[in-house]
Amino acid sequence: MKPKILMADLQGQYQRVKDEVDEAMQQVLLSSKYINGPQVKEFEGHLGEYLQGAEIVSCANGTDALQIALMALELSPGDEVIVPSFTYVSCAEVISLLNLIPIFVDVDPHSYTIDPVAVEQALSPRTKAIIAVHLFGQCASMEPLLYLAQKLDLFLIEDTAQALGAEYVFQDGKRRKAGTIGHIGCTSFFPSKILGCFGDGGALITRHKGLAKKARMIANHGQKIKYVHEKIGLNSRLDTLQAAVLDIKLKYINEYIASRRSAANWYYANLDNLSWICLPAQLRHSSHVFNQFTITLAETVDRVQFQAYLSSKGIDTMIYYPIALHKQMAFASLKSSNVHLPATENLCKRVLSLPMDTELGPDALKYITDTIKDF
Ligand SMILES: *Cc1c(COP(=O)(O)O)cnc(C)c1O
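Definitions and limits used
- Residues numbered from 1 in each chain as written.
- Predicted model: local features only at pLDDT ≥ 70, side-chain atom pairs only at ≥ 80, totals over all residues.
- Heavy atoms only, no water.
- Pairing = 2+ DSSP bridges.
- Helix = DSSP H or I, 4+ residues; strand = E, 2+ residues; numbered from the N terminus.
- Phe/Tyr/Trp six-rings, centres within 6.5 Å; stacked < 30°, edge-to-face > 60°.
- Buried < 20%, exposed > 50% of the residue type's maximum accessible area, 1.4 Å probe, protein only.
- Domains from an automatic or database assignment.
- Contact = heavy atoms within 4.5 Å.
- Buried area = accessible area lost by both parts, 1.4 Å probe.
- Salt bridge = Lys/Arg side-chain N within 4 Å of Asp/Glu carboxyl O.
- Patch = residues over 30% accessible without salt bridge, like charges linked within 9 Å, V, L, I, M, F, W, Y side chains within 5 Å.
- Areas by Shrake-Rupley, 256 points an atom, 1.4 Å probe, with all protein chains shown as cover.
- Axes fitted to C-alpha atoms, helices over the stretch in contact; angles between N-to-C directions.

## Observations concerning the sheet that holds strand 12 (residues 277-278)
In step 1: Ordered by their spatial adjacency, three strands build an open sheet running 12-13-14, and the pairing between neighbours is antiparallel. Among the strands making up the open sheet, the edge pair consists of strand 12 and strand 14 (351-354).
In step 2: Here strand 13 (residues 293-297) pairs with strand 14 via four bridges, running antiparallel. Residue Thr 294 lies in a different strand from strand 14, and its bridge partner there is Ser 353.

Structure follows, in C-alpha cells:
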C-alpha cells in the first residue's frame, strides 16, 4: 500500500502527550474558568523562563500579537515599517490596518530571511520600525538590524511565529533566543508551529517591562482596571484550554525541536548530491528549528510536475509562499508594492516545502528521499 505522508502529523504528536493533555483539559473544564484561568499565567511564566526571562503577554493568535506590538510602540499613521516581501501576510496586513505603511524589501535567497542591505536601502525619514521574520525556523541576520535600529532610533520587531526556540548567535558568541533580541517578539501557537495548541493562540515576548505592560493593556480592551479604558484596544486572549495544552507541550519543546532537526539532517544527508535541488542554508548566526524544510528547485525543474509526482506517491508538499506580498492584490495600491525584488520573486516560483514535523520516522523519511531521487 502506498504510504500517506502529511506535511505535519498533528495527530501523532497529540497521541504522544494524550494522557497528560487530556487531564489538563479536563481540569479546565471542571473549573469552568474558560477565560483567564490560572493556567494562562502559569504558561506565560513558564514560557518566559524558557525565553531567558522575557516577559510574555499571551493573546489570541500570532497576527494579533503583531498588531498589539505595533500598537504598543505607538507609531503614527503614515509611519513606515520595513518588512520582507517573502513571508506570510500577517505583518503587512496589521501594518496596513493601523494606517502605517509597509515597505517591502527583498530577502537573502539562501536563508530566505530579510536582507539587511535591502533594509538599509529602504530607509527613509518616515521609517519607524523594522520587522524581522525568522522564516522557516532560522533567525534573520539580527546584528546589522540591531545596529541600524540603534543608530536611527527605530523599533525592531521579531516575527518568531516559525522560530520559537531558535537561538541567535552573536559575533562575540553570546546566544539569545529568537523573540528576545529586538524590542518585541511576536509568536503564534497555530497547531503546526513549533509549539502548537489545538486552535489559535499567540504571544508577545519582550524584555522591556513598560512595553509588556502596554501590550497587556491593549490586548485587554485598553484597560488595566475593569471598565476603565485608557486606550482603544482589542479583545485578544489566549483561552485557558489552549494555555493548559501549551503548558504541557512546552515541557517537550526541546524534544520537538530535536525531532525536527533529525528529520532535517536526514534530508541534508540524502538530498545533498542532487544538483537540481538547493537545500536550505544553515547559518552560523542562528540555530535552526525547522518549522519548515524548504528547498529551492533549479530552473530546469517543473515545480507543478514535481509536486504532482510527489502527491501521486502519497507525499504532501506545500508552497510557502507562492505570491510575494508586494505582488498581492491587497497591497496593489501601495507605492512600495511597485518594486522589483528579484530574490523574493524567484523564490516564489521555485520553493517547495517538504513534510516536516515531530513524528517523521526513518521509514517515512527514506520513502520521501528515495521517491525524490527517482524523479
Ligand atoms: C503563522 C504565522 C503568523 C500568524 O500567526 P497566526 O497565529 O496564524 O495569526 C505570522 N507570521 C508568520 C511568519 C507565521 O508563520
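## Description of the packing of aromatic side chains
In step 1: Evaluated as defined, the whole model comprises 19 aromatic pairs.
In step 2: With 5.1 Å between their ring centres and 45 degrees between their planes, Tyr 309 and Phe 375 make a pair best called tilted. Here the residue Tyr 309 occupies a position in helix 10 (residues 303-312), and Phe 375 occupies one in the segment after helix 12 (362-374), the gap between them amounting to 66 residues.
In step 3: In this structure Tyr 309 comes out as buried when scored by relative accessible area, which is 17%.

## A look at the domain arrangement of the protein chain
In step 1: What the domain assignment lists for the protein chain is domain 1 (10-250) and domain 2 (253-374).
In step 2: The distance between the C-alpha centroids of domain 1 and domain 2 comes to 23 Å.
In step 3: Every contact between the two is made by 46 residues of domain 1 and, on the other side, 41 residues of domain 2.
In step 4: Between domain 1 and domain 2, a total of about 3,700 Å² is buried, with carbon and sulfur atoms accounting for 58% of that surface.
In step 5: By the criterion of area lost to domain 2, the three top residues of domain 1 are Phe 104, Phe 136 and Ile 194, representing 19% of everything that side buries.
In step 6: In this assembly, domain 1 and domain 2 are joined by one salt bridge.
In step 7: The residue Arg 16 makes a salt bridge to Glu 359 at a minimum N-O spacing of 2.9 Å.

## Description of a nonpolar patch on the surface
In step 1: A contiguous nonpolar patch, built from Leu 29, Tyr 34 and Ile 35 and spanning about 280 Å² of accessible area, is present on the exposed surface.
In step 2: Among the secondary structure elements, Leu 29 is positioned in helix 1 (residues 10-31).

## Points about the sheet that holds strand 5 (residues 155-159)
In step 1: With mixed pairing, seven strands are arranged side by side in an open sheet as 1-9-8-5-4-2-3. Each edge of the sheet is formed by a strand with only one pairing partner; in this case those strands are strand 1 (55-59) and strand 3 (101-105). In this sheet, neighbouring strand axes are inclined to one another by 25 degrees on average, regardless of whether the strands run parallel or antiparallel.
In step 2: As paired elements, strand 8 (residues 184-188) and strand 9 (residues 202-206) share four bridges and run antiparallel to each other. Bridge pairing links Ser 188 to Gly 202 in strand 9.
In step 3: Taken strand by strand, helix 3 (residues 62-72) contacts strand 1, strand 2 (80-84), strand 5, strand 8 and strand 9, and its axis lies near 160 degrees from that of strand 8.
In step 4: Against the sheet, helix 7 (residues 209-219) touches strand 1, strand 8 and strand 9, its axis set at about 15 degrees to strand 1.

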